[in-house]
Amino acid sequence: HHPTTKPVLPHLHFLLRDEPNLHNQHTQTEMSAEEEPAKTTEEEPPKEEESTATFEPVVKLEEVEVKSGEEDEEVVFSMRAKLFIFGETLLDVGTGNKTWKERGVGEVRILRHREHQRLRLLMRQEKTMKVIANHALDPRITLEPNVGSDRSWVWSAFDFAEGELTETVFAVRFADSDIANDFKSKFTECQKEMETLLAGEDKLGKDGGAAGDEAADALKNLKASEDDDKDDDL
């Protein structure tokens, strides 16, 4: 059997005809327009149809306005600082062994309520915005200078950061002594405002004042260590 020669497909023939170096170029150029085979065009790929299907979410979530609790307050003082508390670590719970531990870095602020004018200290940790200090500016609180530092203050207050009142010893450290002094000036100024407000509501008991003095005396023996601090700005 003689091998059969498969005919050249039209589109291949078209490619061969356009090749400039083929031997039959001259012959094909002499062909009349009637004899010239019809050119074939390459088929265009089918157009992709855009999907118009819509998918409804299984659960629809409505926008919820998140309130910080500070909407009715104005900022009296705000400055970045590092906060420490004096207490037991997780390993020392129940032992009575207390040490200074860092609670976080953020803006320490004094806020005044627009309606009843009461003032409080509020501090949130940077990025997470977790509350790390939240207490009223009780006139009985005394800011004590931290031993060995001119940019840090120590005090005791009933803190509500964890959702329940807890007597807590704080130490706050600022970037420099000027900021630290500004903080103390504003702190004591706001305490006088609170004292005036409270005088018209209820009187401070003698026992409460004595407890505040006792806490202030205890603070004199405490020191927030700066040796292990890795933040040079604070």
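Everything quoted here is computed from the prediction, not taken from an experiment.

Novice: Please give an account of the overall build of the chain that cites residues and values.
Specialist: Scanning the chain from N- to C-terminus turns up 4 helices and 7 strands. Across the 234 residues that make up the chain, the buried fraction comes to 32%. Long-range contacts, defined here as pairs at least 24 residues apart, represent 58% of the contacts in the chain between residues at least 6 apart. As presented, the chain carries roughly 17200 Å² of accessible surface, and 51% of it is formed by carbon and sulfur atoms.

Novice: So what about unusual backbone geometry? Which residues, and what values?
Specialist: At Lys127, a residue that is not glycine, the phi angle is positive and equals roughly 70 degrees. The topology assignment puts Lys127 in the loop between β3 (119–125) and β4 (131–136). With a phi angle near 60 degrees, Met129 is a residue other than glycine that sits in the positive phi range. You can see Met129 is positioned in the loop between β3 and β4.

Novice: Got a sec to walk through a nonpolar patch on the surface? Specific residues and values, please.
Specialist: A grouping of Val58, Val59 and Leu61 is seen on the molecular surface, where their side chains present a nonpolar patch of about 400 Å² in accessible area. Examined against the element boundaries, Val59 turns out to sit in the loop between α2 (25–29) and β1 (73–87).

Novice: Tell me about the nonpolar core, residues and numbers included.
Specialist: In terms of nonpolar packing, the biggest core is built from 27 residues, with Val108, Leu121, Trp155, Val172, Phe174, Phe183 and Phe187 touching the most fellow members. Taken together, the elements giving at least two residues each to this core come down to β1, β2 (99–113), β3, β4, β6 (152–159), β7 (166–173) and α3 (177–199). Counting residues per element, this core draws most heavily on α3, which supplies 7 residues. With sequence-adjacent residues up to four places away left out, Phe187 is seen in contact with Ile110, Leu121, His135, Leu137, Ile141 and Leu143. Counting residues in hydrophobic clusters, the runner-up holds 5 residues, among them Phe84, Trp100, Val169 and Ala171.

Novice: Give me the confidence of the model for the chain: which residues, what numbers.
Specialist: One rule of thumb: low pLDDT means the predicted coordinates there are not for detailed reading. Taken as a whole, the chain shows an average pLDDT of 76; of its residues, 62% reach a score of 70 or greater. Predicted confidence is poor over residues 7–34, with pLDDT under 50, and the contacts of this stretch with residues over four places away or in other chains come to 16 contacts. For residues 206–212, every residue scores under 50 in pLDDT, and the model assigns this stretch 2 contacts once sequence neighbours within four places are set aside.

Novice: Talk me through the pairing of β4; I want residue IDs and the actual numbers.
Specialist: Bridge count between β3 and β4: 5 bridges; the pairing is antiparallel. Each bridged residue has a counterpart across the sheet, and for Leu122 the counterpart in β4 is Asn134.

Novice: Just give me the short version of the pairing of β2, but keep the residues and values in it.
Specialist: Counting buried positions along β2 gives 11 out of 15 residues, so the element sits mostly inside the fold. In this structure, β1 lies alongside β2, joined through 14 bridges in antiparallel fashion. Paired with Phe86 across the bridge in β2 is Trp100. In this structure, β2 lies alongside β3, joined through 7 bridges in antiparallel fashion. Of the residues in β3, the one forming a bridge with Gly106 is Gln125.

Novice: So, the sheet that holds β7: which residues are in play, and what are the values?
Specialist: Sheet strands line up and pair through hydrogen bonds in the backbone, either parallel or antiparallel. What the 7 strands build is an open sheet, ordered β4-β3-β2-β1-β7-β6-β5; its pairing is antiparallel. Unpaired on one side and paired on the other, β4 and β5 (144–145) mark the two borders of the sheet. Both β5 and β6 contribute to a ladder of 2 bridges, which runs antiparallel. From the neighbouring strand, Pro145 faces β6, where its bridge partner is Trp153.

Novice: Explain the packing of aromatic side chains to me, using residue names and the numbers behind them.
Specialist: Throughout the structure, instances matching the rule amount to 7 aromatic pairs. Aromatic ring contacts, followed pair by pair, group Phe77, Trp155, Phe170, Phe174, Phe183 and Phe187 into a single cluster.

Criteria and cut-off values
Residues numbered from 1 in each chain as written. Predicted model: local features only at pLDDT ≥ 70, side-chain atom pairs only at ≥ 80, totals over all residues. Heavy atoms only, no water. Helix = DSSP H or I, 4+ residues; strand = E, 2+ residues; numbered from the N terminus. Buried < 20%, exposed > 50% of the residue type's maximum accessible area, 1.4 Å probe, protein only. Contact = heavy atoms within 4.5 Å. Areas by Shrake-Rupley, 256 points an atom, 1.4 Å probe, with all protein chains shown as cover. Patch = residues over 30% accessible without salt bridge, like charges linked within 9 Å, V, L, I, M, F, W, Y side chains within 5 Å. Salt bridge = Lys/Arg side-chain N within 4 Å of Asp/Glu carboxyl O. Core = buried A, V, L, I, M, F, W, Y, C linked by side-chain atoms within 4.5 Å. pLDDT = per-residue confidence, 0-100. Pairing = 2+ DSSP bridges. Phe/Tyr/Trp six-rings, centres within 6.5 Å; stacked < 30°, edge-to-face > 60°.

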